[in-house]
Amino acid sequence: MSRVCVVGAGVVGLSTALCIKLQHPSVSLTIIADRFFESTTSDGAGGLFRPDERFIHGVDKSILRNWCQTSFDHFNNLIFSNISAEAGISQVSGYQLFNDPRPDPSYKNIIYNFRYLTKHELEIFPDHYKYGYFCTTLYVDTRKYMKYLTKLLTEKQVTFTKKKINTLEELAESYDIVVNCTGFGAKELCNDNLIRPIRGQVIRVRAPWIKHFYYTDDNCYLIPNNEIIVLGGTRQLDNDNTQVDLNDKDDIWQRCLRLCPSLAQAEILWHWAGLRPDRKPIRVETEIIKYGNKKLLVVHNYGHGGNGIALSWGTAVDATRHFSSLLNAINIQDKQVTSKL
Ligand SMILES: Cc1cc2nc3c(=O)[nH]c(=O)nc-3n(C[C@H](O)[C@H](O)[C@H](O)COP(=O)(O)OP(=O)(O)OC[C@H]3O[C@@H](n4cnc5c(N)ncnc54)[C@H](O)[C@@H]3O)c2cc1C
């Protein structure tokens, strides 16, 4: 039985672990992370399926399309099953508003009801944006979704260990394959200077009357989930401060209030700041790390920036493909050794 370790328990680590376990039920799998659930970046994310290629660099177009489609199909299947409430996945429709013309997003044929806004619709908004789309997409309530993934993993005998890993090599004696899903943690763990923080701050409010999402090109957004609405946001490159900033708090509130004046009646619940683990390109690949005369087999899956929820299942499937190749190589090697004995 091969011993496998997934490092990272955000949405990417949990999805990748589940994907591996579904394809290779007999592997012994442990998830190691120093932070779980509410202390991960995934927990605070907006959760909208809107994989905007303007912020995804260096990924081949056909690969990106494949990740988007695979993720969308996965979430969509959950919506139209009897567990959508437990998994926290729902459909949401809304408006994207902007002032400069831009090419159509590549995900327009993956989501539903994509169409340009009419002049009449654009006039509803106080700032009179010049362009806009309307579409129906997906919302992932990551707090529920990560609990749902954890339940499935536990049922499949996956074990969880809370621990900080300082080097991937320290796992070499205990595991045959290591899967690295450490998000922004990969910067330190792998000395990866391609990964950079993009700080985002949000406010959660109770405003059950808001049913649509709104997203403007100056990064002002409202994303509804039942009664709770996520208000954002900021995109601050190379700012790694995870504390809530008072100026950002006021700025987000004022911009969202201008876009949607009825927020004045909303109950403010909590503020949160997190780091989008931005990497150009997102790293989904195999690495064989040599140390001394030994080798460690690694599959990397990190650096999803502001699209880690949207792309989580698609990249997990891809990472599992890399994992299967490594597992195959180990099995062939084992058979050769056994046949020589
Ligand atoms: C404000 C904001 C809004 C966002 N909105 C959206 C959105 O609407 N849609 C969308 O798709 N994405 C959104 N994102 C992006 C999304 O949150 C991230 O891309 C995603 O959460 C990354 O997931 P992850 O599992 O890679 O990382 P994380 O959730 O950060 O998980 C990393 C895991 O690795 C572990 N780890 C790291 N280093 C080590 C180590 N050395 N040893 C042990 N464990 C380690 C951590 O403990 C943790 O368990 C948003 C992000 C922010 C900040």
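Residues numbered from 1 in each chain as written. Predicted model: local features only at pLDDT ≥ 70, side-chain atom pairs only at ≥ 80, totals over all residues. Heavy atoms only, no water.

Chemist: Could you clarify how one ought to interpret the site of the ligand in this entry?
Modeler: Asp34, Arg35, Ser42, Gly305 and Ala310 are the nearest of the 37 residues found near the ligand. Interatomic distance of 3.0 Å between a side-chain N/O atom of Thr41 and an oxygen atom of the ligand. A distance of 2.6 Å separates an oxygen atom of the ligand from a polar atom in the backbone of Gly305. Computed on the free molecule, the ligand has an accessible area of 1,000 Å², of which 97% lies beneath the protein chains in the complex. Considering every element that reaches the shell around the ligand, the biggest residue donor is strand β13 (residues 267-291), with 4 residues. Per-class residue counts for the shell around the ligand are 15 nonpolar, 17 polar and 5 charged. (Near = heavy atom within 4 Å. Polar contact = N/O pair within 3.5 Å; in protein donor to acceptor, adjacent residues only side chain to side chain. Areas by Shrake-Rupley, 256 points an atom, 1.4 Å probe, with all protein chains shown as cover. Helix = DSSP H or I, 4+ residues; strand = E, 2+ residues; numbered from the N terminus. Nonpolar A, V, L, I, M, F, W, Y, C, P; charged D, E, K, R; others polar.)

Chemist: Is there a simple way to explain the UniProt feature "binding site: D-dopa" (unreviewed entry) in the protein in this structure?
Modeler: Taking the numbering used here, the UniProt-annotated feature "binding site: D-dopa" (unreviewed entry) corresponds to Tyr221, Arg276 and Gly306. In this structure, Arg276 sits in strand β13. According to the relative accessible area criterion, Arg276 is buried, its value standing at 14%. For Arg276, the side chain forms a polar contact with the main-chain oxygen of Arg199, separated by 3.4 Å. (UniProt positions renumbered as here; feature names shortened; annotations may be inferred. Buried < 20%, exposed > 50% of the residue type's maximum accessible area, 1.4 Å probe, protein only.)

Chemist: Where do I start with the pattern of salt bridges in this structure?
Modeler: Think of it this way: side chains of opposite charge can pair up when their charged atoms draw near. Under the definition given, this model contains 23 salt bridges. Among the salt bridges present, the one from Lys151 reaches Glu86, with a minimum N-O distance of 2.9 Å. Residue Lys151 is found in helix α6 (residues 142-155), and its partner Glu86 is found in helix α4 (residues 84-87); the two are separated by 65 residues along the sequence. You can call Glu86 partly exposed: its relative accessible area is 35%. The partner of Arg206 in a salt bridge is Glu227, and the shortest N-O contact between them spans 3.4 Å. Placement of the pair is Arg206 in strand β8 (residues 195-206) and Glu227 in the loop between β10 (221-225) and β11 (228-232), with a sequence separation of 21 residues. When its relative accessible area of 38% is taken as the criterion, Glu227 is described as partly exposed. Because the salt bridges share partners, they merge into one network encompassing Glu38, Asp43 and Arg143. (Salt bridge = Lys/Arg side-chain N within 4 Å of Asp/Glu carboxyl O.)

Chemist: Hey, could you run me through the packing of aromatic side chains in this one?
Modeler: The relative placement of two aromatic rings is captured by the distance of their centres and the angle of their planes. Within the structure shown, the criterion is met by 15 aromatic pairs. Aromatic side chains Tyr95 and Phe125 sit 5.4 Å apart centroid to centroid with 65° between the ring planes, which places their arrangement in the edge-to-face category. With Tyr95 in strand β3 (residues 89-98) and Phe125 in the loop between α5 (119-122) and β5 (131-140), the pair connects residues that are 30 residues apart, well separated along the chain. Here Tyr95 matches Phe125 in class, with each residue buried. Relative to Tyr116, the ring of Phe114 has its centre 6.1 Å away and its plane inclined at 85°; by these criteria the two rings are edge-to-face. Aromatic rings pair up to connect Phe98, Phe114, Tyr116, Tyr131 and Tyr133 into one cluster. Its guanidinium or amino end placed over the ring of Tyr215, Arg50 lies 3.6 Å from that ring's centre, counting from NZ or CZ. Over the face of the ring belonging to Phe98 we find Arg102, whose NZ or CZ atom lies 3.9 Å from the ring centre. (Phe/Tyr/Trp six-rings, centres within 6.5 Å; stacked < 30°, edge-to-face > 60°. Lys NZ or Arg CZ within 6 Å of the ring centre and 35° of its normal.)

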